[in-house]
Amino acid sequence: MKRLRNWARRLPAPIPLACYALALVFWLGSALAVLGWEAAGRAGGRLTRTTLDPSALEQADIAPAGNGDWVTTGGDPQLIWRNPDGRLVRSLLMEVTFSQTPREVCLYYTTRADEPFSSGKRVFGEKQDDGSYRFRLPAGAIAALRLDPCSPAAEQGAITLTDLTLTLNVDTPWYAAFNPGWSGLFGYLVWPGLAAAAIRWLWDGVRFVRRRKQ
């Protein structure tokens, strides 16, 4: 133990290094836990690929236009899906062709049946090479999804969506579990530094009090 303390004292910044090391362990451990959780869900039949029928979903500011097309009827089109049997949901793939460039494509989610949708639980679609949008949801219970496929500007008028197809739990590479996203990456970079500063401040305070008592 004495050797370990002497080695730690020789480090240029032992407290920040320790905090970032703990963050690294937490990141790797949580990613491995998610992979295990997904494997258990697939083995138990709760994490399966499912195609959703847009016409069976709750609709707002969007309506079928015939021939499989959909058209926006307002400024905030929404398609809402309620989880009927507590199945696991990790991703949503939206395949569609827009008549005009959409302003925003995002997916809201809730973790409780009585919870309203909010911007605090929202993910944005990653546009794929084929023009589809893939949304990756955080691990955990999903009670409902609200897809906002596009947000037409007032000057744009209605947007037509052709060949709209929605698929839950599409295959994703295993290494996607290790991607924390931009917000997660920001947290891993900032919070350990703040924790190290707080620990250092407390430690200096304790040393100051001890010197005053002596």
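Refer to the structure printed above.
I will try to describe carefully the structure that is included in this document. Quantities reported herein were computed from a predicted structural model and do not represent experimental measurements.

1. Concerning unusual backbone geometry
Then, in step 1: Although it is not a glycine, D61 sits at a positive phi angle of roughly 60°.
Then, in step 2: Following the sequence through the fold, D61 ends up in the loop between β2 (58–60) and β3 (62–66).
Then, in step 3: A positive phi is found at N169, a non-glycine position, where the angle reads about 55°.
Then, in step 4: For N169, the position within the fold is in the loop between β12 (160–168) and α3 (181–213).

2. Details of the packing of aromatic side chains
Each aromatic ring pair is summarised here by two numbers: the centre-to-centre distance and the angle between the ring planes.
Then, in step 1: By the definition in use, this model includes 2 aromatic pairs.
Then, in step 2: Here W27 and F178 contribute two aromatic rings whose centre-to-centre distance is 6.2 Å and whose plane-to-plane angle is 80°, an arrangement assigned as edge-to-face. Of the two residues, W27 is situated in helix α2 (residues 14–43) and F178 in the loop between β12 and α3; the sequence distance between them amounts to 151 residues.
Then, in step 3: The exposure class of W27 is partly exposed, given its relative accessible area of 26%.
Then, in step 4: Ring geometry for F98 against Y133: centres 6.3 Å apart, planes inclined by 75°, an arrangement best described as edge-to-face.

3. Quick look at the packing of α2 against α3
Then, in step 1: Two elements in contact, α2 and α3, have axes whose closest approach is 8 Å; the angle formed by their N-to-C orientations is 140°. One element, α2, and the other, α3, form an angle in the oblique class. In this structure, α2 crosses over α3, and the sense of that crossing is right-handed. Of the residues in α3, those touching α2 at I15, P16, C19, Y20, A23, F26, W27 and S30 are Y188, L189, P192, G193, A195, A196, I199 and R200.
Then, in step 2: For the contact of α2 with α3, a count of residues per class yields 13 nonpolar, 2 polar and 1 charged.

Conventions we followed
Residues numbered from 1 in each chain as written. Predicted model: local features only at pLDDT ≥ 70, side-chain atom pairs only at ≥ 80, totals over all residues. Heavy atoms only, no water. Helix = DSSP H or I, 4+ residues; strand = E, 2+ residues; numbered from the N terminus. Phe/Tyr/Trp six-rings, centres within 6.5 Å; stacked < 30°, edge-to-face > 60°. Buried < 20%, exposed > 50% of the residue type's maximum accessible area, 1.4 Å probe, protein only. Axes fitted to C-alpha atoms, helices over the stretch in contact; angles between N-to-C directions. Parallel < 35°, antiparallel > 145°, perpendicular 65-115°, else oblique. Left-handed = near helix turned anticlockwise from the far one by under 90°. Contact = heavy atoms within 4.5 Å. Nonpolar A, V, L, I, M, F, W, Y, C, P; charged D, E, K, R; others polar.

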